[in-house]
Amino acid sequence: MASDNLSNNLGDLEQRLLLGLQLDGRAPFSRLARDLGVSEHTVARRYQRLCTRGLRIVGHPVPARLGLVRWLLRLRCTPDAAGTVADALARRPDTSWIALASGGTELSCALDTRTADERDALLLRKLPRTPQVLSVDAHCMLRIFVGDTSTWHATRFRHTPALAEASADAPEDASGGASAPRRLDATDRVLFAELARDGRATLPELGAAVGRSPSSVQRHLDRLRGEGVLGLSVDFDPRLLGYDMSTKLWLNVAPAHLRTVGEALATHPEIAFAAAVTGTCNLVASGIFRTPADLYDYIDRRLGPLPGVRGVETTPTLREVKRLAPALA
């Protein structure tokens, strides 16, 4: 079925429900119903309908709050090996997002490391010794301007016209980089394992998993969210909303303009994620567009005129191999 036909089956209410879940993935149906001006039964029914189309709410620890350093890797492989290399990386617990791009010869990967030894084991020893890997570019994430800190591709549904105004005030996950790293205890780990399967798991379900009362679990969740340790991601195929082109934008920006360009991208409805990183391309963004023509118009009219942008490289995503994997200490 064509994606435009699928998107036509998603009405304004479903799109506004997606936004409400993006604002708070664990918002009760009663609150969502009140905000949307419909009955709680209607919200529950539409939510289940979205779930049958692939909607997932995923709870995850925020890497920076656990003392982890996030790296964005770009690997160029021989044409016959990119898929095999991607699958091997997907089996690693320290990778959280892997996608194939550029005709299937390039793959992008998000990697979390705690120590220099962990980083060097992969970047200096494992990957360089893999014959099918032709080159490796590693970009350390410095600052996130917009988007989810656990998955650098997270869809922000504000790009849908019906959601644009309301989502302008959507909160972003706190990076927590200035605070001391949080150590996860046994209860944290069980909760994160349950929330990775279903970010909207009920308090009784979570309580049974950790052996605590629902009220105790609620206090624990409130503390994790208040400390910026727990993030919630909305995973939904943007093609179901008519957006068929997911693209990474690798920008070379003059240092004096890096902050202003990053903050500008954070206001663009097309951009789901933007962060300052190390390397010649010192700002990376993830954009979602309907057509190649829309991508061209974005570069020509919105990105190109920004002061300080010296170069742009685009890499359309062909296939996602791994996504929304939790990073645990």
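Residues numbered from 1 in each chain as written. Predicted model: local features only at pLDDT ≥ 70, side-chain atom pairs only at ≥ 80, totals over all residues. Heavy atoms only, no water.

Within the chain, the regular secondary structure consists of 11 helices and 10 strands. Put simply, the chain has 329 residues, and 51% of those count as buried. Entry remark: accessible area of the chain is about 14500 Å², with carbon and sulfur atoms responsible for 52%. (Helix = DSSP H or I, 4+ residues; strand = E, 2+ residues; numbered from the N terminus. Buried < 20%, exposed > 50% of the residue type's maximum accessible area, 1.4 Å probe, protein only. Areas by Shrake-Rupley, 256 points an atom, 1.4 Å probe, with all protein chains shown as cover.)

Attention now moves to the environment of A64. Turning to its location among the elements, A64 is positioned in the loop between β1 (56-61) and β2 (69-77). Note on A64: relative accessible area 30%, which makes it partly exposed. Sequence separation between A64 and P181 is 117 residues, and the spatial gap between their C-alpha atoms is 7.6 Å.

Membership of the largest hydrophobic core comes to 22 residues, with the highest contact counts inside it found for L249, L251, V261, L265, I271, A274 and L283. Elements that contribute at least two residues to this core include exactly β5 (133-146), β7 (245-253), α10 (258-265), β8 (271-277), β9 (283-289) and α11 (292-303). Residues L17, V43, L55 and Y243 belong to the second largest nonpolar core, which totals 21 residues. (Core = buried A, V, L, I, M, F, W, Y, C linked by side-chain atoms within 4.5 Å.)

Pairing is antiparallel around the closed barrel formed by eight strands, whose spatial order is β2-β4-β3-β10-β7-β9-β8-β5. Each adjacent strand pair in this sheet contributes to an overall mean axis angle of 35°, direction not counted. Sheet analysis places β2 next to strand β4 (residues 106-113), joined by eight bridges and oriented antiparallel. Looking at β4, one finds that L73 is bridged to C109. Strand contacts of α10: β5, β7, β8, β9 and β10 (309-322), with the helix running at about 80° to β5, the strand carrying the most contacts. Contacts between α11 and the sheet are confined to β7, β8, β9 and β10, with β7 contributing the most and set at about 25° to the helix. (Pairing = 2+ DSSP bridges. Axes fitted to C-alpha atoms, helices over the stretch in contact; angles between N-to-C directions. Contact = heavy atoms within 4.5 Å.)

Turning our eyes to something else, we now look at the pattern of salt bridges. For the structure shown, the criterion picks out 19 salt bridges. In this structure, D24 engages R31 in a salt bridge whose closest nitrogen and oxygen atoms are separated by 3.1 Å. For D24, a relative accessible area of 14% translates into the label buried. Since its relative accessible area comes to 31%, R31 is described here as partly exposed. Between R197 and E194 there is a salt bridge, with its nearest N and O atoms 2.5 Å apart. Taken together, the residues R197 and E194, both in helix α7 (residues 186-197) and three residues apart, mark about one turn of the helix. Classification of R197 by relative accessible area gives exposed; the value is 60%. Take E194: its relative accessible area is 23%, and that puts it in the partly exposed class. Where salt bridges share partners, they join R74, R76, E106, D137 and E313 into one cluster. (Salt bridge = Lys/Arg side-chain N within 4 Å of Asp/Glu carboxyl O.)

This brings us to the pairing of strand β3 (residues 95-101). Strand residues, when the strand is regular, have side chains that alternate between the two faces of the sheet. Counting buried positions along β3 gives seven out of seven residues, so the element sits mostly inside the fold. Bridge count for β3 against β4 is six bridges, and the pairing is antiparallel. Its bridge partner being in β4, I98 is matched across the sheet by C109. In this antiparallel pair of consecutive strands, β3 and β4, the connection spans four residues, and S102 shows a positive phi of 50°. Sheet topology note: the β3/β10 ladder contains four bridges and is antiparallel. Counted as the bridge partner of A101 is T317 from β10.

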